[in-house]
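One-letter residues, chain by chain:
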Amino acid sequence: MILRLERVEHLPSGWLWLILSQADGSLMPMMNPGQFVEVGVDRSEVLLNRPISIYNRTDRTLELLVAPIGRATKALRDYEAGDTLRVIGPLGQGFRSDFAPGSKVLLVGGGVGIAPLYYQACELVKKGVETEVIFGMRTAPDQAIIDRFAEVCDIKVCTDDGSAGFHGLVTAHPDFGKAKDYIQVCGPKPMMKACLKDAVSRGTEGEVSLENMMACGLGACLCCVEKTVKGNVCVCKEGPVFKFDQLTW
Amino acid sequence: MVDLSTKLKDLELQNPVLTASGTFGFGTEYSDFIDLDSLGGFVVKGTTLEARQGNDYPRMAETPMGMLNCVGLQNGGVEHFIEDIWPSIKDCKSVPVVNVSGARIEDYVACSERLAELEGLKAIELNISCPNVKQGGMAFGTTCSGAHDVVSAVRNVWPRHLIVKLSPNVTSIVEIAKSVEDAGADSVSLINTLLGMAIDVERRRPMLSTITGGLSGPAVKPVAVRMVWQVAHAVGIPVVGLGGIMNANDALEFIMAGASAIEVGTANFINPRVTIEIIEGLKAYCERHGVTRLMDLRGII
Ligand SMILES: Cc1cc2nc3c(=O)[nH]c(=O)nc-3n(C[C@H](O)[C@H](O)[C@H](O)COP(=O)(O)OP(=O)(O)OC[C@H]3O[C@@H](n4cnc5c(N)ncnc54)[C@H](O)[C@@H]3O)c2cc1C
Ligand SMILES: Cc1cc2nc3c(=O)[nH]c(=O)nc-3n(C[C@H](O)[C@H](O)[C@H](O)COP(=O)(O)O)c2cc1C
Ligand code: FES
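An account of the accompanying structure is given in this report. (Residues numbered from 1 in each chain as written. Chains lettered and ligands numbered in written order. Predicted model: local features only at pLDDT ≥ 70, side-chain atom pairs only at ≥ 80, totals over all residues. Heavy atoms only, no water.)

## Some details on the site of ligand 1
Residues and elements named next belong to chain A. We apply this condition: Think of it this way: one heavy atom of a residue within 4 Å of a molecule or strand is enough to make that residue near it. Throughout this description, a polar contact denotes any pair of N or O atoms lying within 3.5 Å of each other; where both atoms belong to protein, one of them has to be capable of donating a hydrogen while the other can accept it, and for residues adjacent in sequence the pair is counted only when both atoms sit in side chains. Every accessible area reported is derived by Shrake-Rupley at a probe size of 1.4 Å, with residue values counting cover from the shown protein chains alone. By the criteria applied, helices consist of DSSP H or I runs no shorter than four residues and strands consist of E runs no shorter than two, each listed in order from the N terminus. When residues are grouped by polarity, Ala, Val, Leu, Ile, Met, Phe, Trp, Tyr, Cys and Pro land in nonpolar, Asp, Glu, Lys and Arg in charged, and all others, Gly among them, in polar.
Around ligand 1 lies a shell of 21 residues, among which P51, A67, A72, T73 and E211 are the nearest. In this structure, E211 approaches ligand 1 through a main-chain N or O atom, which is 2.8 Å from a nitrogen atom. Protein contact buries 82% of the 910 Å² of open area that ligand 1 shows by itself. Counting only elements with at least two residues in the shell around ligand 1, the list comes to β4 (50–53), β6 (62–66) and α1 (71–75). Of all the elements, β4 adds the most residues to the shell around ligand 1, at four residues. Broken down by class, the residue content of the shell around ligand 1 amounts to 14 nonpolar, four polar and three charged.

The following block contains the structure:
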């Protein structure tokens, strides 16, 4: 798809909030929370597309939340409303959402791993799931992101430096240990591992969303593999979301 | 009407655009994006006798205008291909080609023998040039006698079109090409990836789990065009050219250098419709230049 940037928001932390629509005016394809798109950043020096999670989707828009960390993601900072991007997707398998109304689901995001959890939170709340979010950051996150979540569900912030919310890791947050039916995590690998270990030790099931480096995003190159109980599988195709018991962590 | 058709000896292709092994899955991964029937052919994932798990992650690093990979021939084995994949691609109008890899001559032979039972399979591409596994065939592909031995052994059991894929990681690719021609290859394809390496200086670690890996993409194209040109002038069998092809002009470079067909690899990752755009671009070029048969341009340099 060729998508046009409707709005580019430079958040105080430096993160980018992109709102895109179809350049030809057509509807946005259906997407599931936890799926991702491959974005071609033709104005950067890079060759390959970059995988980015779906932050939100409506019939007319796709929203992305991007942390500029390298060549392609930093080059996105120079894009403005009206510019176009090549986008492939939606790709991969998203988060589970077939929970009974009233069940308790905890979403844990670390850093820009928070991105796919907004769309998921909206989906869960729509289904009557009791949804809570814990958002871990090194330092205080952008208020715009917190406010957005707060409109749909309960959100708790943890920071490594204590500059906002709870001072400490997400797994140390008092709400982390409260009984839940399911937990869904996206963030840096050490954080996801800690969450998984803790949840498993309490018998709570859940999923993590992996961010392995990808070349194609289509299951064709076999570059993005993760070792699972089924052997090496493509994160882009069988994931990025995996159930805890699929991983060999 | 422009005639884009081409022939690799007796193997007829409706156009010269194929896909490169390891970059196009089994073809079906791309069927949401393109009609497989529109291609000249497609070369599926490297297939070995037994299933292989491949190398550890990380298997990929992007480099200037290219990428390194060390996938290491992860595949489900030839039986998996025959049972689970072949039925879904065998009726394609384009020509499916199986890329055969192995560590020992016996494995190449056993794998090819099994594939020979598939009536509709018109061609295999023998990968004697994978840089990513110990004895991943590159051991065979880097000496004339090794290449000759494995190709003649497979020639005895594989009755139809035999493409042999050559490694650029050799002193003289022309000499290797001559030995595989002598051993009975019907055509040669080149180039496989160039052995390369990249280091993450912040972490002070190699970017790939295997330290070295295969370089592909636009960065390798000038080397590939040169090698195709040299080989096309030195052997009598058709040459399939590949390495860094991103668009129709790149494909034309290979054809003018002597290639009867081309394969598109890394470019599929960036634009899954690139093969179709290349076919359209070749047609448009011919129309613009008053060329009625694309293959009239073959080897004009
Ligand atoms: C399924 C999926 C969803 C993602 N969703 C988002 C999202 O919503 N928002 C967002 O900002 N980012 C997301 N990412 C991460 C994003 O794809 C990378 O940040 C991006 O590819 C970096 O590209 P670059 O050219 O800017 O960096 P490069 O210049 O390519 O790399 C800069 C540095 O980061 C390292 N690096 C690059 N990619 C990765 C990776 N995937 N894992 C670990 N290290 C890496 C490199 O080794 C290098 O040291 C997602 C990744 C995946 C796989
Ligand atoms: C991820 C990846 C996997 C590959 N796997 C194979 C393989 O299994 N067998 C093979 O013969 N070549 C394999 N190759 C090499 C390609 O088929 C091709 O020779 C090479 O990439 C050069 O072409 P390109 O620059 O168009 O990609 C692989 C290349 C890549 C990038
Ligand atoms: S990125 Fe190519 S298979 Fe997953």
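## Concerning a nonpolar patch on the surface
Stated precisely, the cut-off is as follows: Only residues above 30% relative accessible area that lack a salt bridge enter a patch, with like-charged residues linked at up to 9 Å and the nonpolar side chains Val, Leu, Ile, Met, Phe, Trp and Tyr linked at up to 5 Å. Whenever Lys or Arg places a side-chain nitrogen within 4 Å of a carboxyl oxygen from Asp or Glu, that contact is recorded as a salt bridge. Partly exposed residues are those whose accessible area sits between 20% and 50% of the maximum for their type, while under 20% is buried and over 50% is exposed, using a 1.4 Å probe and protein chains only.
Taken together, the side chains of M197, I199, V201 and I211 of chain B define a hydrophobic patch exposed on the protein surface, amounting to about 400 Å² of accessible area. The exposed category is assigned to V201 of chain B, whose relative accessible area is 64%.

## A few points about the site of ligand 2
Around ligand 2, the structure places 21 residues, and the nearest of them are S21, K165, G217, G244 and T266 of chain B. The environment of ligand 2 is shared, with nearby residues belonging to chains A and B. At 3.2 Å, a side-chain N or O of N127 of chain B approaches an oxygen atom of ligand 2. One of the backbone N or O atoms of G265 of chain B is found 3.1 Å from an oxygen atom in ligand 2. Partitioning the shell around ligand 2 into residue classes produces five nonpolar, 15 polar and one charged.

## Some points on helix α2 (residues 115–126) of chain A
All names here are of chain A. Among the 12 residues in α2, 10 count as buried, and that is most of the element. Listing the buried residues of α2 in full gives A115, P116, L117, Y118, Y119, Q120, A121, C122, E123 and L124. After α2 finishes, the residue G128 shows a positive phi value of roughly 80°.

## Details of the side chain of E29 of chain B
Quick note on the threshold: His residues and chain termini do not enter the charge count, which takes Lys and Arg as positive and Asp and Glu as negative. In this description, contact between two residues means that some pair of their heavy atoms is separated by no more than 4.5 Å.
If you trace the backbone, E29 of chain B turns up in the loop between β3 (17–19) and β4 (41–47). Buried and unpaired, E29 of chain B has no salt bridge, with K45 of chain B as the nearest side chain of opposite charge at 4.0 Å. Separated by 3.5 Å, the side chains of E29 of chain B and T28 of chain B make a polar contact. Aside from chain neighbours lying at most four places away, what touches E29 of chain B is L218, G219, A220 and K237 of chain A together with F24 and K45 of chain B.

## Description of the interface of chain A and chain B
Contacts between the two partners involve 26 residues from chain A and, on the opposite side, 29 residues from chain B. Applying the counting rule to chain A against chain B returns two salt bridges. Between E62 of chain B and R50 of chain A there is a salt bridge, with its nearest N and O atoms 2.8 Å apart. The tally of links from chain A across to chain B stands at 11 residue pairs in polar contact (both at pLDDT 80 or more). Mapped onto the side of chain A that touches chain B, the elements with two or more residues apiece are β7 (84–91), β14 (225–228) and β15 (231–234) of chain A.

## Quick word on the sheet that holds β7 of chain A
Residues and elements named next belong to chain A. Applicable threshold: In this analysis, strands are considered paired if DSSP registers two or more bridges between them.
Spatially, seven strands are ordered β4-β3-β7-β1-β2-β6-β5 in an open sheet, and the strand pairing comes out antiparallel. Bordering the open sheet on either side are β4 and β5 (56–57), each of which pairs with just one other strand. Relative to β6, strand β2 (residues 16–22) runs antiparallel, the two sharing five bridges. The partner of L18 across the bridge, within β6, is L64.

## Quick notes on the environment of C144 of chain B
Residues and elements named next belong to chain B. Counting through the fold element by element, C144 comes out in helix α4 (residues 144–155). Sequence separation between C144 and S172 is 28 residues; the distance between their C-alpha atoms is 9.6 Å. Residues within four places of C144 in sequence aside, it is in contact with E175, I176 and S179.

## Some words on the sheet that holds strand β11 (residues 166–167) of chain A
All names here are of chain A. Strand order in the open sheet formed by seven strands is β11-β10-β9-β8-β12-β13-β16, and the pairing between neighbours is mixed. Bordering the open sheet on either side are β11 and β16 (241–243), each of which pairs with just one other strand. In the sheet, strand β12 (residues 182–186) pairs with strand β13 (residues 205–209) via five bridges, with the strands oriented parallel. Looking at the pairing, C186 lines up with S209 of β13.

## Description of the pattern of salt bridges
Scanning all chains against the criterion turns up 31 salt bridges over all chains. The shortest N-O distance in the salt bridge between E6 of chain A and R4 of chain A comes to 3.6 Å. In this structure, the salt-bridge partner of R104 of chain B is D107 of chain B, at a minimum N-O distance of 2.9 Å. Of the residues examined, D107 of chain B reaches a relative accessible area of 14% and is grouped as buried. Each of E132, D154, K156, D175, K178 and K180 of chain A takes part in a single network of salt bridges with overlapping partners.

## Regarding unusual backbone geometry
The phi angle of most residues is negative, glycine excepted, and most peptide bonds adopt the trans form. The omega angle of the peptide bond from G239 of chain A to P240 of chain A is 10°, so this bond is cis rather than trans. Mapped onto the elements of the fold, P240 of chain A is located in the loop between α5 (235–238) and β16. Geometrically, the link from L190 of chain B to I191 of chain B is a cis peptide bond, its omega value of 15° lying close to zero. Within the secondary structure, I191 of chain B is located in the loop between β10 (187–190) and β11 (194–197). Even without a glycine there, the phi angle at L222 of chain A is positive, about 65°.

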